[in-house]
Amino acid sequence: MTARSDALFLPAGQPTEARPALRLPGDLAIWWFILAELLVFGVFFVAYAFARANNVELFNAEQAALDRDAGAINTALLLASSYLVVRAVQLAEAGRSRAAAPWILGAIACGLGFVAVKLWEYAIKLGEGVSLASSTFHMFYISLTFFHFMHVLLGLVILGALWVNARSGRYGPDNMNGIETGAAYWHMVDLVWLILFPLVYVMR
Amino acid sequence: MTNSHSTSTHLPAHGTPRRATAIWVALMAATLFTWAVGERGDAGPLVVTVLFALAFAKGTFVILDFMGLRQAPRLWPLLTLGWMALVCAAIGLAYWKGLPT
């Protein structure tokens, strides 16, 4: 095989001789699913940005009324959760499935923290009479964050399954597919929020 | 990177705990910075460029290290990093379009 023909399947910056073995973590299907999800979120983000370009004053004024602390705390919770999942995956790779379980439980706790903060944020906004119909900004704010929120809920269900399996000692270097697949989905939920937070809560 | 099962064909893709911790600390610091920018109400093209350059950098670590795509076939980091670059660039373009003329 020539260097050119297999270039797409090599890691960046690796010379063809001396290249390490390559592997996509988890199930191939989850990666296509993640790509589809990223595309949908991407379209949503760009639509928000261009809607804002036509209503800059409105977006800036209503953004100023958002709770940025809640947004930042939720970013920190998702990052911590992702980190804990990485540690769990590393333990599973080392053949210590049961030791990975508490780390997954920690990740679930952070995810539940995200849910609690988000619900509290929604409750306050709804109390102020904000709805999908109240403005273009709020239409985007509610639908974008709620769409993401639904992904957090699904991610938590997946983490719950990983926790049960890890506790029963199911994962190990010879059985990583499930935990890597679930972990990849959870990191996607985190990745999307890393753009959502500066876009909706900070950019002005 | 070592494997407890020397006979295993599994290739670890998620680095060491030490590296993961260092990355996590950096991601948290970057988040604190973004929050501070928001609290100060800083605005303008330079601020927005910094915000999304930082978001891109954070996302790169999540993709390559947390998702474990650093040692994946090159197509996958290209697609995911490319998605992020494209989205950040489009947001920048929209921001520029909304600037007062």
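These notes cover the structure that comes with them.

About the cut-offs
- Residues numbered from 1 in each chain as written.
- Chains lettered and ligands numbered in written order.
- Predicted model: local features only at pLDDT ≥ 70, side-chain atom pairs only at ≥ 80, totals over all residues.
- Heavy atoms only, no water.
- Helix = DSSP H or I, 4+ residues; strand = E, 2+ residues; numbered from the N terminus.
- Contact = heavy atoms within 4.5 Å.
- Areas by Shrake-Rupley, 256 points an atom, 1.4 Å probe, with all protein chains shown as cover.
- Core = buried A, V, L, I, M, F, W, Y, C linked by side-chain atoms within 4.5 Å.
- Buried < 20%, exposed > 50% of the residue type's maximum accessible area, 1.4 Å probe, protein only.
- Expected span 1.5 Å × (residues − 1).
- Bend = angle between axes of the 7 residues up to and from the residue.

1. Concerning the overall build of chain A
Then comes step 1: Regarding its fold elements, chain A presents six helices and zero strands.
Then comes step 2: Along the three orthogonal principal directions, the C-alpha set of chain A runs to about 55 × 45 × 25 Å.
Then comes step 3: Taking as baseline every contact in chain A between residues at least 6 positions apart, the subset at least 24 positions apart corresponds to 80%.
Then comes step 4: Taken as a whole, chain A presents about 8100 Å² of accessible surface, with 67% of it coming from carbon and sulfur.

2. What about the nonpolar core?
Then comes step 1: If you look at the biggest cluster of nonpolar residues, it comprises 94 residues, and the most contacted ones within it are Phe45 and Val200 of chain A together with Phe52 of chain B.
Then comes step 2: Of all the secondary-structure elements, those providing two or more residues to this core are helix H1 (28-54), helix H3 (68-93), helix H4 (97-127), helix H5 (136-167) and helix H6 (177-202) of chain A together with helix H1 (17-40), helix H2 (45-66) and helix H3 (75-97) of chain B.
Then comes step 3: A per-element tally of this core places H6 of chain A first, with 18 residues.
Then comes step 4: Apart from the residues lying within four places of it in its own chain, the contact partners of Phe52 of chain B are Ile195, Pro198, Leu199 and Met203 of chain A together with Cys88 and Ile91 of chain B.

3. A word on H6 of chain A
Note on helix geometry: an α-helix contains 3.6 residues per turn, so any two residues three or four positions apart are oriented the same way.
Residue and element names in this part refer to chain A.
Then comes step 1: Between its first and last C-alpha, H6 extends 37 Å over 26 residues, near the 38 Å set by a 1.5 Å rise per residue.
Then comes step 2: Maximum bend of H6: about 30 degrees, positioned at Leu196, with proline Pro198 one to four residues after it.
Then comes step 3: Among the 26 residues of H6, 24 are classified as buried, and the element is accordingly described as predominantly covered.

4. Details of H1 of chain B
Then comes step 1: Here H1 of chain B spans 35 Å end to end across 24 residues, near enough to the 34 Å set by a 1.5 Å rise per residue.
Then comes step 2: On its buried face, H1 of chain B sits against H3 and H6 of chain A together with H2 of chain B.

5. Some thoughts on the environment of Trp163 of chain A
Residues and elements named next belong to chain A.
Then comes step 1: Tracing the chain through its elements places Trp163 in helix H5.
Then comes step 2: What makes Trp163 partly exposed here is its relative accessible area of 24%.
Then comes step 3: Each C-alpha atom of the pair Trp163 and Ser97 lies 9.6 Å from the other, and the pair is 66 residues apart in sequence.
Then comes step 4: Ignoring sequence-local partners within four residues, the contact set of Trp163 consists of Ala101, Ile104, Leu105 and Ile108.

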